[in-house]
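Chain by chain, the residues run as shown.
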There are 2 protein chains.
Amino acid sequence: MLNERSLSVTQDCGDCPIRHRAVCARCESDELDRLEEIKYYRKFEAGQTVIWSGDKMDFVGSVVSGIATLTQTMEDGRTQMVGLLLPSDFVGRPGRSTAAYDVVATTDLVMCCFRKSPFEELMGRTPHIAQRLLEMTLDELDAAREWMLVLGRKTAREKIASLLSIIARRDATLHLKSGGGGPLTFDLPLTREAMADYLGLTLETVSRQISALKKDGVITLEGKRHVTVPDMERLLEEAGDDADGGMFA
Amino acid sequence: MLNERSLSVTQDCGDCPIRHRAVCARCESDELDRLEEIKYYRKFEAGQTVIWSGDKMDFVGSVVSGIATLTQTMEDGRTQMVGLLLPSDFVGRPGRSTAAYDVVATTDLVMCCFRKSPFEELMGRTPHIAQRLLEMTLDELDAAREWMLVLGRKTAREKIASLLSIIARRDATLHLKSGGGGPLTFDLPLTREAMADYLGLTLETVSRQISALKKDGVITLEGKRHVTVPDMERLLEEAGDDADGGMFA
DNA sequence: CCACATTCTTGATCTGCGTCAAAGTTTACG
DNA sequence: CGTAAACTTTGACGCAGATCAAGAATGTGG
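Just so you know, these numbers come straight off a predicted model, no measurement behind them. (Residues numbered from 1 in each chain as written. Chains lettered and ligands numbered in written order. Predicted model: local features only at pLDDT ≥ 70, side-chain atom pairs only at ≥ 80, totals over all residues. Heavy atoms only, no water.)

A. Structural detail: the protein's contact with DNA strand D. In the vicinity of DNA strand D lie 17 residues, with A:A156, A:T205, A:R208, B:R192 and B:S211 positioned nearest. Close to the protein, within 4 Å, the atoms of DNA strand D belong to sugar or phosphate groups at a rate of 65%. Taking A:T202, its side chain carries an N or O atom lying 3.1 Å from a phosphate oxygen of DNA strand D. B:S207 is positioned such that a nitrogen or oxygen atom in its side chain is 2.8 Å from a phosphate oxygen of DNA strand D. For the surface near DNA strand D, the elements supplying multiple residues, two or more each, are α8 (203-215) of chain A together with α8 (203-215) of chain B. Counting residues per element, the surface near DNA strand D draws most heavily on α8(B), which supplies four residues. Classifying every residue of the surface near DNA strand D gives two nonpolar, seven polar and eight charged. (Near = heavy atom within 4 Å. Polar contact = N/O pair within 3.5 Å; in protein donor to acceptor, adjacent residues only side chain to side chain. Helix = DSSP H or I, 4+ residues; strand = E, 2+ residues; numbered from the N terminus. Nonpolar A, V, L, I, M, F, W, Y, C, P; charged D, E, K, R; others polar.)

This is how it looks when you write it as structure tokens:
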């Protein structure tokens, strides 16, 4: 999910997504990569569903490129996004055989998968992998809890600002831009509806609040998706975090 | 946090909370228990703060008895509970030295703690512990995501019903009551305000919705805290989950 | 280049929940 | 046992965000 640690792993991983440093960054071994026989790629087009909640899931894997979402849906159709999967993020859990969420590709997506049972075996033999996975899972747990605050207590405007902050920060990390005061620029990888599902809002409210932030000079829009943030501090204030501490401490 | 797996561990643990089966349920070893020199108990009274967000945290540990909450607070005082710690639940994370949340005892609380660095060392040597911790963390992540749906998409009434369902189910598990149609009975371990903080509501709304559920015969109240659920299916419907599947599938 | 589907914006109106206020109930303590 | 503190309930009212509705912008395939 969206958080700094898993992103810095992406950096580690460099342009070599095949070697699973995301999972095995700390150990010098390449055991995972030797497991050619249980490793395979899967490609998805934007909009395709990777797996449905409740389906049998006989693999685990990580995102190589593209973006996927994890969503939960109630019978009456209300949906809540519970995670955003970025390159290097891991999906699936050892010890469970069915998917707990719908996983949907929002952009074209490449995943690198391992058949589950050999992976589990490997994990039993290789303490580093379990430890690395634990670390990543703890990061995701922190991100999920961060998001609980956003969902439970923030206003619509703050929610939008929080999401934009996170995306801006991710992009800054991915592209190694300076953290200093200069303007930041990025593309929204999500439709208004997907943003609404992430934020627990309606797409109309998302649209209105983005317009409001634009009107107030917090952001600039070029087209519907390309965002410029002239002053990151300002955006963080709008998000309800203190400028330096808080969410990104 | 509140979920079935960590609770069933409490069962495993029986009345022997000192042996950390919660962490080490699968392995036959008792390594953790041999580490007397790094293990110590801490007791807290209801209302006491175990640790403040941002404080240095040089221990990890699990709850032996009582209940604690994890909360996040914004500068302006808005607070969101992000986790409920029940007996056998684990606090603290290997690899991080400061607390990410306020941890507060809501009842009298006993925790069994380990100094962090020896624990981490042990974890490095003992794959089962890392694996068990991973499993517990994944359960917590699922619970957190479950809660994101509650916070983002459910109505006040559904939120209350969801919380009551979870508490009822936990109690049923702890006391090994039958899952069948009979009435369930339990005490609320939280004030209205704490419930509000968990649900992203105000305490007034919590109070009103509890009154409404009482009026509609979904629950019965004796005093302010003792709840009877005549028909669990009904409560689950009110929570917006299908009666059998959904949240507790 | 045009038709048609998506996605997005904006407006008008409605409503669930928050806010403010007051009083009732339970618990704790001197 | 009596008084204060903490917790809970209930009411009146307002507002943030949902809902309903209509277009505008953008993209896509023929």
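B. Representation of the side chain of B:T137 within the structure. Positionally, B:T137 belongs in helix α5 (residues 127-153). When sequence neighbours within four positions are dropped, the list of residues in contact with B:T137 reads A:L134, A:T137, A:L138 and A:L141. (Contact = heavy atoms within 4.5 Å.)

C. Structural detail: the confidence of the model for chain A. Residue and element names in this part refer to chain A. When pLDDT is averaged across chain A, the result is 81; 78% of the residues are at 70 or more. In this model residues 1-32 is a low-confidence stretch, pLDDT under 50, and it forms 79 contacts with partners more than four residues away in sequence or in other chains. This stretch, residues 244-249, has a pLDDT under 50; its non-local contacts, to residues over four places away or in other chains, come to nine contacts. (pLDDT = per-residue confidence, 0-100.)

D. Highlighting the packing of aromatic side chains. Residue and element names in this part refer to chain A. Taken as a whole and assessed by the stated rule, the structure comprises six aromatic pairs over all chains. Plain terms: the ring middles of F90 and F119 are 5.9 Å apart, the flat faces sit at 35 degrees to each other, and that makes the pair tilted. One end of the pair, F90, is in strand β6 (residues 90-91); the other, F119, is in helix α4 (residues 116-125), with 29 residues separating them in the sequence. Exposure class is identical for F90 and F119. Each is buried. Ring plane angle 40 degrees and centroid distance 5.6 Å describe the contact between F114 and F119, whose orientation is recorded as tilted. In this pair, the class of F114 matches that of F119, namely buried. (Phe/Tyr/Trp six-rings, centres within 6.5 Å; stacked < 30°, edge-to-face > 60°. Buried < 20%, exposed > 50% of the residue type's maximum accessible area, 1.4 Å probe, protein only.)

E. Main features of the packing of α4(A) against helix α5 (residues 127-153) of chain A. Residue and element names in this part refer to chain A. Where α4 meets α5, the axes come as close as 5 Å, and the angle between the chain directions of the two elements is 105 degrees. Judged by the angle between their axes, α4 and α5 are roughly perpendicular. When α4 is examined against α5, the residues F119, L122, M123 and R125 are found in contact with a partner set consisting of P127, I129, A130 and L133. (Axes fitted to C-alpha atoms, helices over the stretch in contact; angles between N-to-C directions. Parallel < 35°, antiparallel > 145°, perpendicular 65-115°, else oblique.)

F. Just the environment of B:G217, in detail. Residues and elements named next belong to chain B. Within the secondary structure, G217 is located in the loop between α8 and β10 (220-222). Overall, G217 belongs to the partly exposed group, its relative accessible area being 42%. Residues G217 and D231 lie 14 residues apart in sequence; the distance between their C-alpha atoms is 9.4 Å.

G. Fine view of the sheet that holds β10(B). Residue and element names in this part refer to chain B. As summarised here, the arrangement of the three strands in space is β9-β11-β10, forming an open sheet in which the pairing is antiparallel. The sheet is open, and its two borders are formed by β9 (184-187) and β10, each paired with just one other strand. Strand-to-strand twist in this sheet, taken as the mean axis angle between neighbours without regard to direction, amounts to 20 degrees. Pairing of β9 with strand β11 (residues 226-229) involves four bridges; the strand directions are antiparallel. Bridging from a neighbouring strand, L184 pairs with V229 of β11. (Pairing = 2+ DSSP bridges.)

H. The arrangement of the interface of chain A and chain B in detail. Contacts between the two partners involve 49 residues from chain A, matched on the other side by 49 residues from chain B. The largest share of the area that chain A buries against chain B comes from A:R145, A:M148 and A:R153, three residues that together contribute 19% of it. The interface formed by chain A and chain B contains twelve salt bridges. There are 28 residue pairs in polar contact (both at pLDDT 80 or more) connecting chain A and chain B. (Buried area = accessible area lost by both parts, 1.4 Å probe. Salt bridge = Lys/Arg side-chain N within 4 Å of Asp/Glu carboxyl O.)

I. Summary view of the sheet that holds strand β7 (residues 102-105) of chain A. A sheet is described by the order of its strands in space; here four strands give the open sequence β2-β7-β4-β5 (chain A), paired in antiparallel fashion. Whereas interior strands pair on both sides, the edge strands pair on one side only; in this sheet they are β2 (49-51) and β5 (79-85) of chain A. Adjacent strand axes in the sheet meet at a mean angle of 30 degrees when their direction is disregarded. Across six bridges, strand β4 (residues 68-73) of chain A lies against β5(A) in antiparallel orientation. Bridged to A:T69 within β5(A) is A:L84. Against the sheet, α5(B) makes contact with β4 and β5 of chain A, and its axis sits at roughly 135 degrees relative to β5(A), the strand it touches most.

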